[in-house]
Structure formats: structure tokens, C-alpha cells
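Topology and contacts: notes
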Amino acid sequence: MSAHATGTIAVFGATGQQGGAVVHAILDHKARVRALVRNPQSDRAQALAARGVELAAIRADDPASLAAALATVEGFYFMTPEANGLEEVEAEIRIGTTLVDAAVEAGVPHVVFNSVFGADRESGVPNHDSKHSIEEYLRKSGLRASMVRATAFMENFASVMAPSLEHGEIVLRLPLPEDVPLKMISVRDIGRVAAALLLGTAQAPGGVVELVGDELTGPQMAAAFGVRAGLPARYEALPLSVLPNALDRAMFREFAEAAGSPADLSAVRAIEPATLDLAEWIRVTGWTAPTDVAGV
Ligand SMILES: NC(=O)c1ccc[n+]([C@@H]2O[C@H](COP(=O)([O-])OP(=O)(O)OC[C@H]3O[C@@H](n4cnc5c(N)ncnc54)[C@H](OP(=O)(O)O)[C@@H]3O)[C@@H](O)[C@H]2O)c1
């Protein structure tokens, strides 16, 4: 194991979900963070500054601003912004490779890339293959690199994947067959694992950590919410056609295919023993059942 990091860790995406969790976990270790932000005056950037985070103004399309922001850091974490359509996938790759180039220019000792599960191969999912390309580019850069490959965020159950309450019953609907297990992780734990790698308190075997905190079928997920609510629960598998765009359809098709390879739930716990499973995530986030659609 290498010596623990004592210098500054740079974080790209610090005002977002994953980068924010990385910042939080690094601050928990009393280490220093420099956030690379496009708007230092934004409320989220200012909230980071209020917690002692140094802000470096950057532009993702300005390599000089990135290399300057990475000067003298001991580690660098980056994620890439969501591509919301096929036309944005190239932009995602460009941001990733520009960040890698800047890290090379600045001579960063260790880079952690927040990739996605399955990015070890081309899967045909455009916004996963983009991360495969960035991983390859980073690997060829000569930098010391670690990949943390995220699965579906548990936080989606508080937004786009939220269960409903219908006539006294919890109902979870996803475009996933009911016998297919979904691999998932909490954003909190993505941050904790990335921070452990950056701070040198843990190593990624082979330079990769697959971030899977739980793996459950639809009925099992619905049951976890039902148990918490003390209510009956059911799962309904929806067709892929309910998804609004080709990227999401390709992603859910890939989730079903990835179910053929069961996850190693111990890998992430070897780094962060307190990694949440879904039942624990439901408890620690204080999830409560939504209002019944029947209004009762
Ligand atoms: N949702 C899931 O279940 C899931 C699962 C696995 C992987 N992923 C992947 O996770 C990624 C999204 O991560 P997230 O949810 O943490 O993102 P997020 O919360 O949307 O945050 C995006 C961050 O990137 C910054 N950013 C965006 N465009 C930028 C630009 N042009 N220049 C500089 N900074 C920019 C944002 O800064 P501002 O504050 O300035 O906007 C923000 O800090 C996507 O690549 C997605 O494919 C998602």
C-alpha cells in the first residue's frame, strides 16, 4: 500500500451528485480539496467554499485552465457529465480526454475516473461506450489511474425510479423483466470508495473497482420498500418503449444482459465495509412512502 495522501485532491464535478459525495468523503478524512468549477459564484460552488473547499475556475474546453487547476495536486477525481442524447456523447468523450490531457500536462500522481459498470468492453450503450473510450485513453496516458465503475444510483429511487403508493400498496415499475436483478450503489458509497483510493487508504485491485452495493430483482426491490412502509408491495415490469430516448432504452437492455454476470458484492465492501444495501439505503435516507394516489 502506498503512503497516504497528505496533499490537495482535485475534484471535477464537485457541485454534482458523485463529485459532491467524493468531496464530502475527502473532507471527512480532514484532507484538502480543490474543486474545479465552471462557475465559482454558483450557490453549490459557494456552499463548497463555505466548507473550506478551494475553488478553481475552469472551462472544460480550455486545457490551459484545467492544467493550471491541477498544478501541484496529489490526486485528481473526475466524472463526466450525463449525455442526454446521442449528440452529446461525443462531447462527453471530449471532456474526459481533455481532462486526462490536462492531468498529464500537470503531472498528477494519481487519477480516479468515475466510470460505469461494463466499461471494460463496448456494450453498444452510447453513454457507457463513451466511458469505455475515456478509460482506454486514460490507461494509455501513462498516468497512474484507477477506475471506479458505478452501477445504477440508489438515489434514482428518490426521483426517476420512485415507487408509488396505490390504494395502500407500494408499487414499483421499471422497464426491467421481473427476474432480472439490477446492480446498484448509493452515491454516498461511490464518494467513499473514490476518496479511499485518492487518499491511499485503499487500493483498487487491477486498477478497477466495480461499485455494486446490492443486486436485486424488481419484486425484491419492491419488497424492500414495502417492508419499510409496513405495506404490501408489488413490482410491474414495463416495456422498454416507455423510455423516452434511445440511450435509456439501450441502457436498460444492457442491465438485463449484465444480469447474466452476478456481481461480487464483497469487492466494494473490502474498501468501504459500511457500503449500503438497498434496505439500509432506504433506512438511512429516511425514505417514507409517498402520498397514496387514491388520496387515502
Ligand atoms: N444516474 C445513474 O444511475 C448513473 C449510474 C452510473 C453512472 N452514471 C453516470 O454518472 C454521470 C453523471 O454524474 P452525476 O449524477 O454525479 O452528475 P450531476 O449530479 O449531474 O453533476 C454534473 C457535474 O458536472 C459539472 N459539469 C457539467 N458540465 C460541465 C462542463 N461543461 N464543464 C464543467 N463542469 C461541468 C456540473 O457542474 P455545474 O454545477 O456547473 O453544473 C456538476 O458538478 C453520467 O456520466 C452518467 O452516465 C449515472
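Residues numbered from 1 in each chain as written. Predicted model: local features only at pLDDT ≥ 70, side-chain atom pairs only at ≥ 80, totals over all residues. Heavy atoms only, no water.

Quick look at the site of the ligand
Close to the ligand lie 21 residues, the nearest being T15, Q17, Q18, R38 and T80. Per-class residue counts for the shell around the ligand are 9 nonpolar, 8 polar and 4 charged. (Near = heavy atom within 4 Å. Nonpolar A, V, L, I, M, F, W, Y, C, P; charged D, E, K, R; others polar.)

Re the sheet that holds strand β6 (residues 145-150)
Ordered in space as β3-β2-β1-β4-β5-β6-β11, the 7 strands form an open sheet in which the pairing is parallel. Only two strands of the sheet have a single partner each, and these edge strands are β3 (54-57) and β11 (208-211). If you compare each strand with its neighbour and ignore which way they point, the axes differ by 20° on average. For β6 and β11, the ladder comprises 4 bridges, and the chain directions are parallel. Within the sheet, the bridge partner assigned to V148 lies in β11 and is V209. Across the face of the sheet, helix α2 (residues 43-50) comes into contact with β2 (32-37) and β3 while running at roughly 145° to β3. Relative to strand β5 (residues 111-116), helix α5 (residues 126-140) is tilted by about 155°, and along the sheet it contacts β4 (75-78), β5, β6 and β11. (Pairing = 2+ DSSP bridges. Helix = DSSP H or I, 4+ residues; strand = E, 2+ residues; numbered from the N terminus. Axes fitted to C-alpha atoms, helices over the stretch in contact; angles between N-to-C directions. Contact = heavy atoms within 4.5 Å.)

Observations concerning the packing of helix α1 (residues 17-28) against helix α6 (residues 187-199)
Packing of α1 against α6 brings their axes to within 7 Å, and their N-to-C directions diverge by 55°. One way to sum up the angle between α1 and α6 is to call them oblique. In this structure, α1 meets α6 at a crossing whose hand is right-handed. Side by side, α1 and α6 meet where Q17, Q18, A21, V22, A25 and I26 of the first sit next to V187, R188, I190, G191, R192, A194, A195, L198 and L199 of the second. (Parallel < 35°, antiparallel > 145°, perpendicular 65-115°, else oblique. Left-handed = near helix turned anticlockwise from the far one by under 90°.)

Topic: helix α7 (residues 218-229)
Compared with an ideal rise of 1.5 Å per residue, which puts 12 residues at 16 Å, α7 spans 17 Å between its outermost C-alpha atoms and is within 8% of the ideal. Among all positions of α7, only G218, M221, A222, A224, F225 and G226 are buried. Of the surrounding elements, those touching the buried residues of α7 are β9 (169-174), β10 (182-185), β12 (214-216), β13 (233-237) and α10 (278-284). Looking at the residues trailing α7, positive phi occurs at G230, about 70°. (Expected span 1.5 Å × (residues − 1). Buried < 20%, exposed > 50% of the residue type's maximum accessible area, 1.4 Å probe, protein only.)

Points about the sheet that holds strand β7 (residues 152-153)
What the 3 strands build is an open sheet, ordered β7-β10-β12; its pairing is mixed. Among the strands making up the open sheet, the edge pair consists of β7 and β12. Summarising the sheet, β7 and β10 pair through 2 bridges and their orientation is parallel. Directly across from F153, in β10, lies its bridge partner I185.

Considerations on the UniProt feature "domain: NmrA-like" (unreviewed entry) in the chain
In the numbering used here, UniProt assigns the feature "domain: NmrA-like" (unreviewed entry) to residues 6-265. Taken end to end, residues 6-265 is 39% helix and 22% strand, and its first and last C-alpha atoms sit 30 Å apart. (UniProt positions renumbered as here; feature names shortened; annotations may be inferred.)

Considerations on the packing of aromatic side chains
Inspection of every chain in the model, using the stated rule, returns 6 aromatic pairs. Considering the side-chain rings of F157 and F225, the 5.3 Å spacing of their centres and the 55° angle between planes classify their relative orientation as tilted. Pair noted here: F157 is in the loop between β7 and β8 (164-166) and F225 is in helix α7, with a separation of 68 residues, a long-range link. As far as the burial class goes, F157 and F225 line up, both buried. (Phe/Tyr/Trp six-rings, centres within 6.5 Å; stacked < 30°, edge-to-face > 60°.)

Re the layout of surface pockets
Taken as a whole, the second largest pocket encloses approximately 150 Å³ of empty space. Sorting the residues of the lining of the second largest pocket by element identifies α1 and α6 as the ones contributing at least two each. Take the lining of the second largest pocket: its biggest share by element is 6 residues, from α1. The class makeup of the residues in the lining of the second largest pocket is 3 nonpolar, 4 polar and 4 charged. (1 Å grid on protein atoms, 1.4 Å probe; cavity = no way out; pocket = protein on both sides within 12 Å on 5 of 7 lines; lining within 4 Å. Points joined across faces, edges and corners; volume = space filled by probe spheres on them.)

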